[in-house]
Amino acid sequence: MGERGRYLPECPEMSEVVRKLTEEYGGHMIFSRESEVYVEVPRHELRDVAKYLYNSGAFLKTCAAVDERPLNRSFALYHIFGMDSKGYDVIVKVSTPEDDAWVPSIVDVVPAADWCELEARDMIGIELKGRRLVRRLVLPEDWPEDVHPLRKEVPHDFRPPSVKAESEFRPPERGIPIGPYHPVLHEPEYFELLVEGETVVDVYYRGFHVHRGIEKLGESPRFTYQKIPFLAERICGICGFVHSTCAIMAMEKAAGIRPPERAEFIRTVVLELERIHSHLLWVGVAAHILGYDAGFMHTWRVREPVMILSELITGSRKTYGLNLVGGVRRNIDKDKMEKIMKILERVEKGFKELANLLVSVPQIRRRAQGTGVLTRSEARALSVVGPVARASGLYRDVRKDYPYLAYKEASFKVPLYTEGDNLARVLVRVEEVFESISIIKQLLDKLPGGPIMHEKCSAIIPVDELIPPGKYAVAAIEAPRGEDVHFLMTGEGRPYRWRVRAPTYQNIPALRPMLRGDPLADAPLTIASIDPCFSCTDRALVIDVRTGRARTIKLWDGGAGTCRL
Amino acid sequence: MYLEILLATALAVAGVALAPIYDSLERKIKARLHSRVGPPILQTWYDVLKLLAKELVIPEGGYFTAAVVLTELFLSIALLVSVSFLLFFQSLTMYVLVAVFISALSAATLVKSVTQNNLFSVIGGFREYSVVLSAEPFLILLVLLIGARGVTDLKSLIGLAPVVLTTYVMTARIPFDIAEAEPEIASGIMIELSGPLLAANELSLLTRRYVMAALPAYLFLPWFVANPLLRVGLGLALTLLTWVIFAIVAVLLGRTRAAVMLKGTTVAALALTLLFIIVESVPYG
Amino acid sequence: MSIMKLISIAARAKVVTRRYPFEPPVVTEGFRGKIEVDPKLCWGCGVCTRICPPNALTLKKREDGTLVLSYFMGRCIFCGMCAEVCPRGAITVTKEFELASLTAEDLVRDVKHDVVRCRICGRVIGPAVEMREATKSVGGAGAKYYDLCPECRKLVVARGIMTKVGVRP
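Conventions we followed
- Residues numbered from 1 in each chain as written.
- Chains lettered and ligands numbered in written order.
- Predicted model: local features only at pLDDT ≥ 70, side-chain atom pairs only at ≥ 80, totals over all residues.
- Helix = DSSP H or I, 4+ residues; strand = E, 2+ residues; numbered from the N terminus.
- Rg over C-alpha atoms; globule rule 2.2 N^0.38 Å.
- Buried ≥ 20, exposed ≤ 12 C-beta atoms within 10 Å, placed from the backbone.
- Contact = placed C-beta atoms within 7 Å.
- Nonpolar A, V, L, I, M, F, W, Y, C, P; charged D, E, K, R; others polar.
- Pairing = 2+ DSSP bridges.
- Axes fitted to C-alpha atoms, helices over the stretch in contact; angles between N-to-C directions.
- pLDDT = per-residue confidence, 0-100.

Side note on the overall build of chain B
In terms of helices and strands, chain B carries 10 helices and 0 strands. When the helices and strands of chain B are listed from N to C terminus, the series reads α-α-α-α-α-α-α-α-α-α. Taken over the C-alpha trace, chain B has a radius of gyration of 19 Å; the compact-globule value for 285 residues is 19 Å, and the two agree within 12%. By its C-alpha atoms, chain B is 60 × 40 × 40 Å across when sized along the principal axes. Counting over 285 residues, chain B shows a buried share of 50%. Of all intrachain contacts in chain B linking residues separated by at least 6 positions in sequence, the fraction that spans at least 24 positions is 79%.

Listed below in structure tokens is the structure:
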């Protein structure tokens with residue numbers, strides 16, 4: 001690879017990884033950008049490559065399967081490894097011919113690959129070799145065996161006839177169902193807790209009930225780059241702005257443009273506002289789960305001005321519709337700035353008082369402390385993200401590891417706890433609220449002047465010409481729940497493949513070690529403690545991992561045909 | 001004699017009517033502490049009447065569950081009547097009757113929860129069992145003690161402490177509402193109930209709450225106040241006061257865990273009851 | 001007893017919920033509600049239908065020879081992109097959001113436009129207002145051909161030139 005030096009002038013470590021992958025594992029570099037490098041490796045080397053990257057400190061962000069048959073008669077799987085400590089991503093591509101579609105599984109090397117591999121099998125139809133447990137994750141049981149929704153020949157509005165459900169693996173014991181409809185889960189999802197007395201001994205999970213096929217929709221002729229931010233915003237009802245910004249960052253990377261500085265500042269301010277309201281919402285819900293409704297109501301009372309503020313700045317309490325490729329649609333003027341400062345002052349004061357009150361309630365302290373423990377090594381192996389990782393002593397924060405937008409301009413600290421229990425996760429979030437308030441204040445203080453939209457972009461000009469086909473981009477944002485990753489492969493006027501990996505996707509597998517051995521009474525709190533967002537997780541896909549048998553809720557009798565592409 | 005019977009009956013009837021109103025009041029107090037507007041004062045009555053107007057759905061446990069729900073309602077009203085008579089008639093038989101009804105009511109609640117063919121209800125039942133175990137024996141003991149020995153001295157008022165503690169636990173308010181614990185076991189013991197059955201269940205729960213709010217006053221008042229009309233007035237006032245205090249306490253606390261509760265409450269109730277017994281058995285002078 | 005602080009917090013916060021709908025809702029000046037299309041200003045060009053992310057705005061040709069810009073609030077996400085791109089400024093974003101209704105038809109607002117048909121082949125060329133205004137701004141020779149579809153116009157113009165130069169078509 002003689003050209004290596006030309007591609008990778010700045011980052012010697014990145015070049016070293018590329019050298020290793022190309023020279024020792026027979027790979028070749030496809031493409032690189034300042035914080036990403038794409039390397040294709042032969043599929044028989046994948047396991048060794050994964051082992052090497054994992055051992056050198058990489059976290060597996062996710063993997064994305066792509067149907068590349070129209071391009072080169074093969075399927076491809078992109079494993080996205082994030083070198084958190086160095087601040088760049090290594091994307092390892094393996095191709096597999098269409099008539100012999102399999103890739104080696106890396107689950108035993110990198111446990112975090114569990115879900116995304118199964119998703120690749122369901123959605124694209126790539127077989128996994130060397131995996132012990134292979135079963136459906138995303139598709140419902142009554143989905144036909146040979147239809148893989150993300151393949152290009154499947155139309156985006158295709159509804160296959162329901163087939164007779166296969167019998168799936170079920171645990172022998174009878175468990176306590178939590179979900180799909182349960183007061184604590186605000187979205188349909190299914191947990192089955194196997195208990196002895198009041199102690200949880202094991203947990204079975206089944207999700208993906210709220211699959212809406214958003215990824216497929218984004219690739220369909222129904223959508224263009226201009227409309228995708230609005231679609232992405234609807235992946236999540238709480239952290240929608242994260243998704244829209246993340247999708248746009250990927251598109252902007254692919255287009256090779258950077259929005260004006262002021263636009264970046266405004267996006268950062270709104271992202272942090274979203275974190276504040278999301279964390280306050282969560283703290284309230286946690287108090288409610290512990291029966292302390294006063295904490296619930298008052299936290300939401302403190303939160304309400306933040307929602308009103310969001311509406312003032314963006315036009316909506318949620319799903320702001322603020323973002324476009326190239327910039328933002330609304331400016332923050334002097335008057336709004338003063339209002340933000342005033343309201344944040346009030347929120348800070350109000351929440352400080354409340355946070356002290358909350359931890360003083362004996363039942364909250366007693367039930368949150370020492371329950372739902374996730375050790376650091378489990379957290380590392382599962383590549384958990386966000387407050388869950390930081391409560392288990394894992395220093396991970398996209399804002400610090402891969403500084404994006406205007407985060408370099410603000411100084412803030414990342415709360416870190418080592419206990420790994422529910423209380424630690426509460427405290428991480430409480431502290432993050434105050435950090436976010438401080439970030440917004442700092443950014444507004446030095447908000448740069450200038451335009452809020454890139455000169456090549458506007459609402460009227462179609463951005464399609466700016467984004468050439470055949471480009472790759474990976475963008476990540478620290479959402480309130482952790483790292484949100486969008487992988488984009490560009491096509492003609494719209495994405496060729498758009499993969500969204502929401503933070504909860506990474507955190508749900510961690511519930512198993514967290515719940516085991518805990519009192520049943522605290523299980524809802526533990527489930528809530530990862531701040532699960534099932535709509536995000538399910539964005540594209542019905543699951544059946546570690547399915548449980550349900551006697552009281554006959555979930556399997558009719559097949560779980562709740563999800564249609 | 002006839003006046004007393006008349007007054008006691010009136011008190012019991014008033015109790016049934018007042019319990020849902022006091023519940024609305026409790027919701028209002030709770031709302032105020034939550035900075036909310038809260039419901040109107042007749043809201044619980046509206047709720048009950050609306051539930052009564054719905055169709056009857058027999059739960060998965062079958063007619064037996066329905067029968068037990070109704071038995072529970074009758075028992076709670078019977079308990080209210082017997083407690084109301086306690087204000088005027090202090091024979092040991094009266095106290096025994098109250099104790100029997102308290103016990104029967106708890107038993108009915110337990111039976112109700114295990115007859116429903118629902119896992120959550122069964123878990124709720126076991127939790128209810130632990131609540132009952134940690135408080136009810138002491139409450140019954142206290143009732144019988146007072147009935148057997150009478151209250152003669154101001155220092156006997158120390159007995160109020162264990163009575164208030166155990167009656168609070170018996171009202172199944174936070175932190176002791178673990179048998180229904182909506183976020184954990186989705187209303188537990190009442191998960192299968194709806195419509196008129198839920199209304200009956202609600203009324204019996206509220207009647208029980210009224211009895212528990214009244215019990216501290218009704219146990220001690222007769223020994224200090226002679227005038228029956230004054231007894232009624234004070235009884236009503238103190239019941240309301242106790243209910244309000246219970247309501248505020250419930251807002252200030254979170255929900256406990258079954259294991260923690262068994263230990264904590266039992267120890268506290270035991271200690272306070274023993275204290276009362278010791279104080280009572282010390283000779284005068 | 002630090003849990004008692006709740007009482008002072010609640011006392012200071014007072015009652016914050018409202019008796020909505022008996023009291024007005026909180027709506028800030030930044031709020032975006034449903035849109036209104038001014039039929040006097042709208043030309044029926046359809047730019048808004050192309051930018052609309054959920055396809056709440058559609059342009060439909062009716063049998064009776066009218067063109068309808070149809071706005072279905074049930075799909076609208078209230079992003080206001082249409083108002084931003086409208087070349088005529090015909091779309092305004094209102095602050096109205098109480099749109100619940102018993103029938104889906106109540107959620108539809110139509111703006112009807114007469115169309116211009118080609119005087120030769122009878123095909124629909126476009127909305128009448130737009131054609132008229134466009135012709136005005138082009139002026140002169142364009143006015144002669146405004147009611148012709150592109151194909152017929154080519155034919156007519158070609159025939160005209162041929163006649164002028166003396167070639168029999």
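Don't stop here, the text continues.
Comments concerning the interface of chain B and chain C
On the chain C side, the residues contacting the 6 residues of chain B number 11 residues. Of the residues in the side of chain B that touches chain C, the class split is 3 nonpolar, 1 polar and 2 charged.

A few points about the interface of chain A and chain B
Of the residues lining the interface, 25 residues belong to chain A; the matching set on chain B comes to 21 residues. Listing elements by their share of the side of chain A that touches chain B, those giving two or more residues are helix 9 (261–289), helix 10 (293–314) and helix 12 (362–368) of chain A. By residue number, the principal contributor to the side of chain A that touches chain B is helix 10 of chain A, which donates 5 residues. The residue makeup of the side of chain A that touches chain B, split by class, is 13 nonpolar, 6 polar and 6 charged.

Brief notes about the sheet that holds strand 8 (residues 176–178) of chain A
Residue and element names in this part refer to chain A. Spatially, 3 strands are ordered 8-9-10 in an open sheet, and the strand pairing comes out antiparallel. Of all the strands in the sheet, just strand 8 and strand 10 (199–206) have a single pairing partner and so form its edges. Across the sheet, the mean angle from the axis of one strand to that of its neighbour is 25°, orientation sign disregarded. Of the strand pairs in this sheet, strand 9 (residues 190–196) and strand 10 are connected by 7 bridges, and their pairing is antiparallel. Residue pairing across strands places phenylalanine 191 opposite tyrosine 205, the latter belonging to strand 10.

Regarding unusual backbone geometry
All names here are of chain B. Note the cis peptide between isoleucine 174 and proline 175, where omega equals 5°. Examined against the element boundaries, proline 175 turns out to sit in the loop between helix 6 (160–170) and helix 7 (182–185). Backbone geometry at alanine 172 places phi at a positive 55°, although glycine is not the residue there. Its location among the elements puts alanine 172 in the loop between helix 6 and helix 7.

Considerations on the confidence of the model for chain C
Residues and elements named next belong to chain C. Overall, the predicted model of chain C reaches an average pLDDT of 84, with 95% of residues at or above 70. At the level of individual helices and strands, chain C shows its lowest average pLDDT in helix 4 (residues 128–138), which scores 76, and its highest in strand 4 (residues 91–93), which scores 92. At the level of chain-chain contacts, confidence expressed as ipTM amounts to 0.84, with global pTM at 0.85.

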